[in-house]
Each structure stands twice: as C-alpha cells, then as structure tokens.
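What the coordinates show
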Amino acid sequence: MNKPNKLLSLALALGMTAALLAGCGQQSAQSTQSNSAGSASAVSGSQSSAQNAEKVRVGLAWLADFENGEVDEDTQAYIDAVTRAGGEPVLLEQATDLDSAKAALDTVDALILTGGEDVDPSYYNEEPDSMLEEPNPARDTSDYWMMTAALDEDFPTLATCRGMQVMNVVCGGTLYQDLPTQFDSDIQHRDPELVDFTYHDVTIEDGSLLAQIMGAGKLNVNSWHHQGIKTVGEGLTVTAHSDDGLVEALEMQDKTFMLGVQFHPEWRVVEGDDSFLPFFTALMDAAKN
C-alpha cells in the first residue's frame, strides 16, 4: 500500500538521480509532492542506453502516467533505491494484455512490482468487503498481466507490498481484504493514524532466497498495509512470517528470482539503511546471470 508523502532529504543528500525511460503517456499523476530538477530527470531511451550501457535496466511496473517526468514520492523511492544499487530504473508502460506486458519486459532486464492500492477482490473471486479501499482498475489490469508475463518468462522479479499480493492472486491465492477486521493480531501492520510506517520483526526461513539475501532468522521491517495473504497461491512458498503468523514473504523456488515481500526495502534504502540494499543488488545479479 502507498504510504503518505514524506520529504526525501536523505535520498537527495546522497545525490541519487535516475535516468528514466520517457515512454509513458502524459497525464496527471496522483502525486501531491513531485520531483524537481534536483531529483529524477527523464531522458530519451537512446540517451539512457548510451549513458548506462553496462547497467542493469530495472523496470518499475506501471502505476500512473506521470506529467513532465515528475513522479510521486513512493515511485521516487524505488528509483532512488535502484540507482543507489547501481541499476538504471525504467518506468514501464501500462500493460493491457499479455502481449503488451511481454513487450514491456523486453525493454528491461528485471522487474519490480511496487506497492499501491488495494487489489480488486474480483481477481480472487470474492465480493468487496465494506472495509475495502478503492482499487485502481487500470493498475490491477497492468499488474496482473505484468506478473503473468514475468512468471511465464522466468523474469527476475521483486514484488513489494501490493506487488507480493498481486503475485499471490495471479497464482490463485486470496487476500484478507482488511487485516484489522479479518485477522486477529496484536501487531499493527499499518499506522492507524496513517502518518508513517510501523515496524515489527519477521522470521526468515533458512534455505530460502530471502535468507540468501538478508540471512535467516529475525529481521526488523517497516510495514504499511491493511491487506495480507490469506491463502497461498499455487507454486508459491512462504519464506517469512511475522510473529502473528501473517505471511511476510513468498517465493517461487523453481524460478531464477521470483521474490515477494510484504514490506518496503526501497524506503529503508532511501532512509539510509544500506543493509536493505541487497534486495536490489541480488535482483540485478540474477538479471546479469
């Protein structure tokens, strides 16, 4: 889920700028706080390729058409984390079917499916709960096909928060539409005041891809979501959970790199915690191989 806007002073202090593919349409985004010239700048695909010939191109799945290359802060966090890890972030175009999703993946080396709105429960054959927050139909369609294409092509993919939920739904799993009313827990998975992240521990399973990245055992993570995994989709393995038993990571272990996490490593990197940088370097290493 999207967290509220927050100044990226730490990210800007690191001087992280990103070259973005200017292939998206030009309509107003939902951002209330956008980037200036000192933040991310959009350049043409040909310029980007010339300047970043050796860099892994990491596609950020479509969530809006941004005006004049100005993006919201949540998207900027992914841009800055990928840049910090040495990659080239690319804003992918909206997918409307499997062919357009595969065409988008053809332009990059790895994929990040990002956080955002609630997933429409019709995708997992449920009626909307009264606590469901408004879905984004265009984004649901795009993310569904992008994840389907990534699974079909064994495409290196990191899916965060909503992204992991989409991964689960595409594989036939279901979601809790509202954790506070449907899942008994003493853990706050989202700040009820909607001000900032909450934080809690997760336990990572030994022998998993996630354990290779961050180590097995306890890991303290940020949290901003009111939906969660209810039934696990076919072919997915739970590789981390919170102390209340909620799924915090999913993997498809017969794929090269197919990892979903319920938390937000991009924000930890932007806020100066480089211990979460391996999420992005590992994704790019998988793309190189």
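Criteria and cut-off values
- Throughout, a residue's number is its position along its own chain's written sequence, starting from 1.
- It should be noted that, the model being predicted, local features are given only for residues of pLDDT at least 70 and side-chain atom pairs only at 80 or more, the latter also being counted only at that level, while totals for whole chains, interfaces and linings use all residues.
- Values shown for side chains rest on all heavy atoms present in the structure; no hydrogens or waters enter the calculation.
- Helix and strand assignments follow DSSP, with helices taken as H or I runs no shorter than four residues and strands as E runs no shorter than two, numbered in order from the N terminus.
- Exposure classes here rest on a 1.4 Å probe applied to the protein chains alone. A residue is buried below 20% of its type maximum, exposed above 50%, and partly exposed in between.
- Residues count as neighbours in contact if any of their non-hydrogen atoms are within 4.5 Å of one another.
- Strands were regarded as paired on the criterion that DSSP finds at least two bridges between them.
- Axes here mean lines fitted to C-alpha atoms, for a helix over just the part in contact, with angles spanning 0 to 180 degrees between N-to-C directions.
- Two rings belonging to Phe, Tyr or Trp (six-membered ring only in the last case) form a pair when the distance between their centres is within 6.5 Å. Interplanar angles under 30 degrees mark stacking, angles over 60 mark edge-to-face geometry, and anything in between is tilted.
- Should a side-chain nitrogen of Lys or Arg be within 4 Å of a carboxyl oxygen of Asp or Glu, the pair is scored as a salt bridge.
- For every residue, the pLDDT score states the predictor's confidence, bounded by 0 at the bottom and 100 at the top.
- Residues belong to one nonpolar core when they are buried, are Ala, Val, Leu, Ile, Met, Phe, Trp, Tyr or Cys, and are joined through side-chain atoms within 4.5 Å.
- In this analysis, the expected span of each helix is defined as 1.5 Å times one less than the number of residues it contains.
- For this analysis, a polar contact is any N or O atom pair within 3.5 Å, provided that within protein one partner can donate a hydrogen and the other can accept it, and provided that sequence-adjacent residues contribute only side-chain to side-chain pairs.

**Description of the overall build of the protein**
- Counting its secondary structure elements, the protein contains 10 helices and 13 strands.
- Evaluated residue by residue, the protein yields a buried proportion of 55% over its 289 residues.
- Taking all contacts inside the protein whose residues are at least 6 apart in sequence as the whole, residues at least 24 apart take part in 73%.

**Focus on the sheet that holds strand β6 (residues 157-160)**
- The 9 strands lie next to each other as β4-β3-β5-β6-β13-β12-β11-β8-β9, forming an open sheet whose pairing is mixed. On the outer flanks of this sheet lie β4 (88-91) and β9 (217-223), each paired with one strand and no other. Within the sheet, the average angular offset between the axes of one strand and its neighbour, ignoring direction, is 25°.
- Here 4 bridges tie β6 to strand β13 (residues 258-261), and the two strands are oriented parallel to one another. Residue pairing for β13: Thr157 is matched across the bridge by Met258.

**A short note on the packing of aromatic side chains**
- Across all of its chains, the model carries 4 aromatic pairs by this definition.
- Their ring planes at 45° and their centres at 5.5 Å tell us that Tyr123 and Tyr144 sit as a pair that is tilted. One end of the pair, Tyr123, is in the loop between β5 (110-113) and α5 (137-152); the other, Tyr144, is in helix α5, with 21 residues separating them in the sequence.
- Geometrically, the ring pair formed by Tyr144 and Trp145 is edge-to-face, given 5.2 Å between the ring centres and 85° between the ring planes.
- Taking the relative accessible area as the measure of exposure, Tyr144 reaches 26% and is therefore partly exposed.
- Here Trp145 falls in the partly exposed class, since its relative accessible area comes to 26%.

**So, the pairing of β5**
- Neither face of β5 is exposed, since Ala110 and Ile112 on one face and Leu111 and Leu113 on the opposite face are all buried.
- Two elements, strand β3 (residues 57-60) and β5, share 3 bridges in a ladder whose sense is parallel. From the neighbouring strand, Val58 faces β5, where its bridge partner is Ala110.
- Two strands pair when backbone bridges link them, and β5 and β6 are joined in this way by 3 bridges, in the parallel orientation. Bridging from a neighbouring strand, Leu111 pairs with Thr157 of β6.

**Let's talk about the pattern of salt bridges**
- Evaluation of the coordinates by the stated rule reveals 9 salt bridges.
- With a shortest N-O distance of 2.7 Å, Arg84 and Asp274 are connected by a salt bridge. Note that Arg84 is positioned in helix α3 (residues 73-84) and Asp274 in the loop between α9 (265-270) and α10 (278-288), a separation of 190 residues in sequence.
- Here Arg84 falls in the partly exposed class, since its relative accessible area comes to 35%.
- In this structure, Lys218 engages Asp243 in a salt bridge whose closest nitrogen and oxygen atoms are separated by 2.8 Å. Here Asp243 lies in the loop between β11 (237-242) and β12 (247-251) and Lys218 lies in strand β9, a separation of 25 residues in the sequence.
- Its relative accessible area of 53% is what places Asp243 among the exposed residues.
- Salt bridges sharing common partners tie together Glu117, Arg139, Asp140, Asp143 and Arg162.

**Comments concerning the confidence of the model for the protein**
- Confidence in the prediction of the protein, expressed as mean pLDDT, is 82, and 78% of residues score 70 or more.
- Within the model, pLDDT remains below 50 along residues 4-50, and this stretch shows 96 contacts once partners closer than five positions in the same chain are excluded.

**Concerning the nonpolar core**
- Counting 39 residues, the largest nonpolar core has Ile112, Phe257, Leu259, Phe279 and Phe280 as the members making the most contacts within it.
- Of all the elements in the fold, those that place two or more residues in this core are β3, α3, β5, β8 (198-204), α8 (209-214), β9, β13 and α10.
- In terms of residues, this core owes the most to one element, α10, which gives 6 residues.
- If sequence neighbours within four positions are ignored, Leu259 has contacts with Thr157, Leu158, Ala159, Met167, Leu209, Leu210, Ile213, Leu250, Glu251 and Phe279.

**Let's talk about α3**
- Given a rise of 1.5 Å per residue, 12 residues ought to cover 16 Å, and the 16 Å separating the end C-alpha atoms of α3 matches this to within 8%.
- Among the 12 residues of α3, 11 are classified as buried, and the element is accordingly described as predominantly covered.
- All of the buried residues in α3 are Glu73, Asp74, Thr75, Gln76, Ala77, Tyr78, Ile79, Asp80, Ala81, Val82 and Thr83.
- Capping of α3 at its N-terminal end is provided by Asp72; its side-chain oxygen lies 3.0 Å from the backbone amide nitrogen of Asp74.
- A positive backbone phi angle near 95° is found at Gly86, which sits one or two residues after α3.

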